[in-house]
Amino acid sequence: LAFEALEEGRIKLDTTFRVSAKASQKGGSKMFIEENQLVSVENLIRGITVASGNDACIALAEGLNGTEDSFVSRMNLKAKDLGLDNSQFNNSTGWPSPGHVMSARDLLTLSIYVRKNYSKYYGYFQELTYSWNGIQQSNRNPLLKLNIGADGLKTGYTRESGYGLVGSASLGARRISFVLNGLNTSEERKLESE
């Protein structure tokens, strides 16, 4: 939805959003934004794609739609438009919540859609490091450092689904996109993806 808003000219990469208390206090993986900071859309995107920042997800959702709940409603409408029939969102972060689900097939469909339709922004997924507030974080995607043409996309973890990775790599004219899920540790995710 952020890439769509950028393409439609509703926001720009240098558009700034003020960070709410809700966003700054969100647990789990963080970008480490602080309440009342003004943060650009581009920095929030990097905080999400590189640092997996739950705080950045909420700040971007609130900036785009006013409230996270309103943004989540848009997420669900967009999921239906894209044919993501096995997805239902309750929040913008992927934080565990009863009924909040996304199938492996839908993850793959969405990743291919983003790569094909928003190629201009796809490079954010392959950035190796990102710094905010003096804190440098590394991209958790183990494929990016293997020199095999990997260029995305995203890692994740919940207690219910385990450690996962939506990966994509190209070599010559061939591209492979895949979803790994249900792994027990981030180290296992690294080994399985190699």
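Presented here is a report on the structure given in the accompanying data block. For clarity, every value in this text was computed on a predicted model and none was experimentally measured.

The number of helices and strands found in the protein chain is 7 helices and 9 strands. Against the 2.2 N^0.38 benchmark of 16 Å for 194 residues, the protein chain shows a C-alpha radius of gyration of 16 Å, consistent with a compact globule. Each of the three principal axes of the protein chain carries a C-alpha extent, and together these read 40 × 40 × 35 Å. Residue burial in the protein chain is summarised as follows: out of 194 residues, 44% are buried. Long-range contacts, defined as pairs at least 24 residues apart, comprise 47% of the intrachain contacts of the protein chain with a sequence gap of at least 6. Only carbon and sulfur atoms are counted for the fraction: they give 48% of the accessible area of the protein chain, which is about 10,100 Å². Of the charged side chains in the protein chain, 22 are positive and 21 negative, and the gap between their average positions amounts to 3 Å.

We now examine the nonpolar core. One broad rule of soluble globular proteins: the nonpolar side chains tend to lie buried together. Of all hydrophobic cores here, the largest spans 37 residues; its most connected members are Phe3, Met31, Ile33, Leu44 and Leu64. Secondary-structure elements contributing two or more residues to this core are helix 1 (2–7), helix 3 (41–49), helix 4 (54–65), helix 5 (68–81) and strand 5 (129–132). Here this core takes 6 residues from helix 4, the largest share from any one element. The next biggest cluster of nonpolar side chains, apart from the first, holds 5 residues, and it includes Leu143, Leu144, Ala150 and Leu165.

Below, the discussion takes up the packing of helix 3 against helix 4. Two elements in contact, helix 3 and helix 4, have axes separated by 8 Å at closest approach and are oriented at 140°. The interaxial crossing formed by helix 3 with helix 4 has left-handed handedness. On the side of helix 3, the interface is formed by Val41, Leu44, Gly47 and Ile48, while helix 4 contributes Ala56, Cys57, Ala59 and Leu60. Split into classes, the residues belonging to the contact of helix 3 with helix 4 amount to 7 nonpolar, 1 polar and no charged.

A few words on the sheet that holds strand 9 (residues 174–183). Across the sheet, which stays open at both edges, the 3 strands sit in the order 7-8-9 with antiparallel pairing between neighbours. Strands with a single pairing partner mark the edges of an open sheet, and in this sheet they are strand 7 (150–158) and strand 9. Adjacent strand axes in the sheet meet at a mean angle of 10°, parallel and antiparallel pairs treated alike. Sheet topology places strand 7 next to strand 8 (residues 162–171); 8 bridges connect them, and they run antiparallel. Along strand 8, the bridge assignment pairs Thr158 with Gly162.

For the rest of this paragraph, the subject is the pattern of salt bridges. Think of it this way: side chains of opposite charge can pair up when their charged atoms draw near. Across all of its chains, the model carries 9 salt bridges by this definition. Close ionic contact of Lys78 with Glu4 constitutes a salt bridge, the shortest N to O distance being 2.6 Å. With Lys78 in helix 5 and Glu4 in helix 1, this residue pair connects regions lying 74 residues apart in the sequence. Just as Lys78 is buried, Glu4 falls in that class too. In this structure, the salt-bridge partner of Arg10 is Glu8, at a minimum N-O distance of 2.9 Å. Here Arg10 falls in the partly exposed class, since its relative accessible area comes to 42%.

Let us look at the packing of aromatic side chains. Summed over all chains, the structure comprises 6 aromatic pairs. With a centroid separation of 5.6 Å and an interplanar angle of 45°, the aromatic rings of Tyr122 and Phe125 are classed as tilted. Phe125 gets classed as buried once you look at its relative accessible area, which sits at 9%. Taken together, the ring pairs connect Phe3, Tyr113, Tyr118, Tyr121, Tyr122 and Phe125 into an aromatic cluster.

With an omega of 10°, the peptide bond running from Gly152 to Leu153 counts as cis. Mapped onto the elements of the fold, Leu153 is located in strand 7. Positive phi, normally seen in glycine, also occurs at Asn36, with a value near 75°. Topologically, Asn36 is positioned in the loop between helix 2 (21–24) and strand 2 (38–40). Non-glycine residue Asn133 carries a positive phi angle of around 55°.

Conventions used here
- Residues numbered from 1 in each chain as written.
- Predicted model: local features only at pLDDT ≥ 70, side-chain atom pairs only at ≥ 80, totals over all residues.
- Heavy atoms only, no water.
- Helix = DSSP H or I, 4+ residues; strand = E, 2+ residues; numbered from the N terminus.
- Rg over C-alpha atoms; globule rule 2.2 N^0.38 Å.
- Buried < 20%, exposed > 50% of the residue type's maximum accessible area, 1.4 Å probe, protein only.
- Contact = heavy atoms within 4.5 Å.
- Areas by Shrake-Rupley, 256 points an atom, 1.4 Å probe, with all protein chains shown as cover.
- Lys, Arg positive; Asp, Glu negative; His and termini not counted.
- Charge placed at Lys NZ, Arg CZ, Asp CG, Glu CD.
- Core = buried A, V, L, I, M, F, W, Y, C linked by side-chain atoms within 4.5 Å.
- Axes fitted to C-alpha atoms, helices over the stretch in contact; angles between N-to-C directions.
- Left-handed = near helix turned anticlockwise from the far one by under 90°.
- Nonpolar A, V, L, I, M, F, W, Y, C, P; charged D, E, K, R; others polar.
- Pairing = 2+ DSSP bridges.
- Salt bridge = Lys/Arg side-chain N within 4 Å of Asp/Glu carboxyl O.
- Phe/Tyr/Trp six-rings, centres within 6.5 Å; stacked < 30°, edge-to-face > 60°.

Limitation: the analysis is restricted to geometry and does not speak to function.
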